[in-house]
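# A structural walkthrough
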Amino acid sequence: MAKVKKAYFCRECGFEAPKWLGRCPSCGEWNTFTEEIIAKSSSSSVAVAAAATTTPPQRVSEIERSSHKRLDLHNAEVNRVLGGGLVPGSLVLLGGEPGIGKSTLSLQIALTNHSLKTLYVSGEESAEQIGMRAERLGIGNEECYIYSETSLENILTQMNEYRPDVVVIDSIQTIFTDTVDSSAGSVSQIRECAAALLKYAKTTGTSIFIIGHITKDGTIAGPKILEHIVDVVLQFEGDGNNIYRILRGIKNRFGATFEIGVFEMLDNGLRAVENPSEILLSHYEEPLSGIAVGASVDGIRPYLIEVQALVSNAAYGTPQRNATGYDPRRMGMLLAVLEKRVGMKMFQKDVFLNFAGGFRVADPGLDLAIVSAVISSYYDRPIADGVCCAGEIGLSGEVRPAPRTEQRVSEAARLGFRRIVVSGFLRKGVKMPKGIEVVYINNIGELPRALFCEEF
Ligand code: TYD
Ligand code: MG
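All values reported here derive from a predicted model rather than from experimental measurement.

Counting secondary structure elements, the chain contains eleven helices and 21 strands. On the principal axes, the C-alpha backbone points of the chain span a range of 85 × 50 × 50 Å. Relative to its full complement of 456 residues, the chain shows a buried share of 50%. Accessible area of the chain: about 21,700 Å², with a carbon and sulfur share of 51%. Separation of charge centres in the chain, based on 48 positive and 53 negative side chains, amounts to 8 Å.

Rendered as structure tokens:
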């Protein structure tokens, strides 16, 4: 009998060690090593199933380019996040917390593409459950096959038989291969299964979506170790209490990674939100203080988003700083700039910050809008109707140009805003779109005047 072979794996990064270690030398995390049995059978059926035909080295000029042959998924948001459609033979990891809608999104993709043969493999739900979900989504498709299975060998056999164009594996944590003895969801299982799927995708030109769970406690190997293997990493995020979901490109070997896709979770599935500004701007009967609108850009798409701030007298000695969906350190920096450069007494104030739709933002071009909301709440004065901002703020209070300001300005003009405040550095040399008054400021001290109109 073959000797049982064991190894220790880091749950965070997948680092393999022959003995248990307290701290992972690769990622530096503590107490993440778990023991796994990795006895491999001599004739690996996975290797047979995904047998490769090797290509000899080629000249760059002789390599066949397949980039122009992207598959249209009939879903504008997903296409854009993928960088203009799905590349044949690519491996796409779709990560996200449980219940966010990964299965719904991938089933919807599988069902809406009548021109592509799709295989939806579920290790989590029975075929009947998926059938019910498909009925709920209200889309029928003769070219979409549902397969409820957890054995990788069986899945590869079926894939070889059906020859689908697109495969969905829901989820990688439930799939196991016989070549590794540890249980499904362990680091070595995930790694082996993903490697076999990668080999299959590259040799047959099939595109594979792999769904991966992220758990907070980290007992199951998260998609972190998968990220190195796959071509594209997409993250599906959103706050469970909100109906909006964002598909974010984290890694993309075939396009830009800053793209986002916005969806709305409805009774009959996910609806693409083509114009995010429509959900990110609220309409009020009368003007309210503490609300500002910022023009932002994610990837190639500009949108306007509402920022809300509440500044109140601090109840305790140490003022509270609370930001939802924003880096608290950046917020601290912006407040310090207001204190030092504008003379506002922020040290006596609690400040709360929030973004419409439960959005998470990191765009420095929203600095001006955030500061505007804080100023408006501090003085309890509403910002003039139809005014928005786009600009970055430096430590000495200077207003710097936000990347792609022209795009932000034209989006604001398109949505009927009458004034936009931008950096004074753009006064020369940049042609601004027509139909909107562009106010240039060099320093944060000039901001109140621009926001509340001249008499301030
Ligand atoms: P699901 O796709 O199962 O999430 P995941 O695969 O990421 O775990 O989606 C789960 C949630 O979505 C569930 O709470 C119900 C909701 N939902 C809708 O609101 N509308 C729908 O049409 C569907 C199919 C699900
Ligand atoms: Mg699911």
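Alright, that's what it looks like, and here's the rest.
Near ligand 1 there are 15 residues, and of these Gly-99, Ser-103, Thr-104, Leu-266 and Gly-269 occur at the shortest range. Here an oxygen atom of ligand 1 and a side-chain polar atom of Arg-133 are 3.0 Å apart. In this structure, a nitrogen atom belonging to ligand 1 sits 3.3 Å away from a side-chain N or O atom of Arg-136. Here ligand 1 has 560 Å² of accessible area as a free molecule, and 76% of this is covered by the chains. Looking at the shell around ligand 1, the elements that each hand over two or more residues are helix H3 (102-112), helix H4 (127-137) and strand E11 (260-266). Sorting elements by how many residues they give to the shell around ligand 1 places H3 first, with three residues. Residue composition of the shell around ligand 1, grouped by class: four nonpolar, six polar and five charged.

Evaluation of the coordinates by the stated rule reveals five aromatic pairs. Measuring from centroid to centroid gives 4.7 Å for Tyr-145 and Tyr-162, while their planes differ by 45°, and the two rings are tilted. On the criterion of sequence distance, the pair formed by Tyr-145 in strand E6 (residues 144-148) and Tyr-162 in helix H5 (residues 152-162) is long-range, its members being 17 residues apart. A relative accessible area of 30% means that Tyr-145 is categorised as partly exposed. When the ring of Tyr-378 is compared with that of Tyr-379, the centres are 5.0 Å apart and the planes differ by 80°; the resulting orientation is edge-to-face.

Enumeration according to the criterion identifies 19 salt bridges in this entry. With its nearest N and O atoms 4.0 Å apart, the salt bridge here joins Lys-6 to Glu-35. Here Lys-6, found in strand E1 (residues 6-10), pairs with Glu-35, found in strand E3 (residues 33-37); they are 29 residues apart in sequence, far enough to count as distant. Arg-408 is the partner of Asp-363 in a salt bridge, and the nearest nitrogen-oxygen pair spans 2.8 Å. Residue Asp-363 is located in the loop between strand E16 (349-355) and helix H9 (367-378), and its partner Arg-408 is located in helix H10 (residues 405-414); the two are separated by 45 residues in the primary sequence. On the accessibility criterion, Asp-363 (12% relative accessible area) is buried.

Now for the nonpolar core. Among the nonpolar cores identified, the biggest contains 51 residues, and Tyr-326, Leu-338, Leu-353, Phe-355 and Phe-359 are the most heavily contacted of them. Of all the elements, H9 adds the most residues to this core, at seven residues. When sequence neighbours within four positions are dropped, the list of residues in contact with Leu-338 reads Gly-343, Met-344, Met-346, Val-371, Val-374, Ile-375 and Ile-444. The next biggest cluster of nonpolar side chains, apart from the first, holds 32 residues, and it includes Leu-197, Ile-208, Ile-225 and Ile-229.

This brings us to the sheet that holds strand E2 (residues 16-17). Taken together, three strands build an open sheet; the order of strands is E2-E1-E3 and the sheet is antiparallel. Among the strands making up the open sheet, the edge pair consists of E2 and E3. Contacting E1, E2 and E3, helix H6 (residues 187-204) runs over the sheet at an angle of about 85° to E1.

As a further point, take the environment of Asp-239. With respect to the secondary-structure elements, Asp-239 resides in the loop between strand E9 (232-237) and strand E10 (244-252). Sequence-wise, Asp-239 and Glu-62 are 177 residues apart; in three dimensions their C-alpha atoms are separated by 48 Å. Once residues within four sequence positions are removed from consideration, Asp-239 is found in contact with Tyr-244 and Arg-245.

Right, let's get into helix H8 (residues 328-342). Between its first and last C-alpha atoms H8 spans 20 Å; for 15 residues at 1.5 Å apiece the expected length is 21 Å, and the two agree. Burial in H8 covers these residues: Met-331, Met-333, Leu-334, Leu-335, Val-337 and Leu-338. Against the buried residues of H8 lie strand E15 (321-323), E16, H9 and strand E18 (392-393). Where H8 begins, the side chain of Asp-327 points an oxygen toward the backbone nitrogen of Arg-329, at a separation of 3.1 Å. Just past H8, the residue Gly-343 takes up positive phi, approximately 80°.

Following Asp-170, the chain continues into Ser-171 via a peptide bond in cis, with omega recorded as -5°. Summarising the element assignment, Ser-171 is placed in the loop between strand E7 (166-170) and H6. Phi at Asp-380 is positive, roughly 50°, even though this residue is not glycine. You can see Asp-380 is positioned in the loop between H9 and strand E17 (387-389). Of note, Arg-404 is a non-glycine position whose phi angle comes to about 55°, a positive value. Turning to its location among the elements, Arg-404 is positioned in the loop between strand E19 (399-400) and H10.

Looking at chain direction, strand E5 (residues 118-122) and E6 are connected through five bridges and run parallel. Residue pairing in the sheet places Leu-119 in a bridge with Tyr-145 of E6. Once the chain exits E5 it traverses H4 before rejoining the sheet at E6, and the crossover so formed is right-handed.

Conventions and cut-offs
- Residues numbered from 1 in each chain as written.
- Chains lettered and ligands numbered in written order.
- Predicted model: local features only at pLDDT ≥ 70, side-chain atom pairs only at ≥ 80, totals over all residues.
- Heavy atoms only, no water.
- Helix = DSSP H or I, 4+ residues; strand = E, 2+ residues; numbered from the N terminus.
- Buried < 20%, exposed > 50% of the residue type's maximum accessible area, 1.4 Å probe, protein only.
- Areas by Shrake-Rupley, 256 points an atom, 1.4 Å probe, with all protein chains shown as cover.
- Lys, Arg positive; Asp, Glu negative; His and termini not counted.
- Charge placed at Lys NZ, Arg CZ, Asp CG, Glu CD.
- Near = heavy atom within 4 Å.
- Polar contact = N/O pair within 3.5 Å; in protein donor to acceptor, adjacent residues only side chain to side chain.
- Nonpolar A, V, L, I, M, F, W, Y, C, P; charged D, E, K, R; others polar.
- Phe/Tyr/Trp six-rings, centres within 6.5 Å; stacked < 30°, edge-to-face > 60°.
- Salt bridge = Lys/Arg side-chain N within 4 Å of Asp/Glu carboxyl O.
- Core = buried A, V, L, I, M, F, W, Y, C linked by side-chain atoms within 4.5 Å.
- Contact = heavy atoms within 4.5 Å.
- Pairing = 2+ DSSP bridges.
- Axes fitted to C-alpha atoms, helices over the stretch in contact; angles between N-to-C directions.
- Expected span 1.5 Å × (residues − 1).
- Right-handed = clockwise from strand over helix to strand, strands pointing away.

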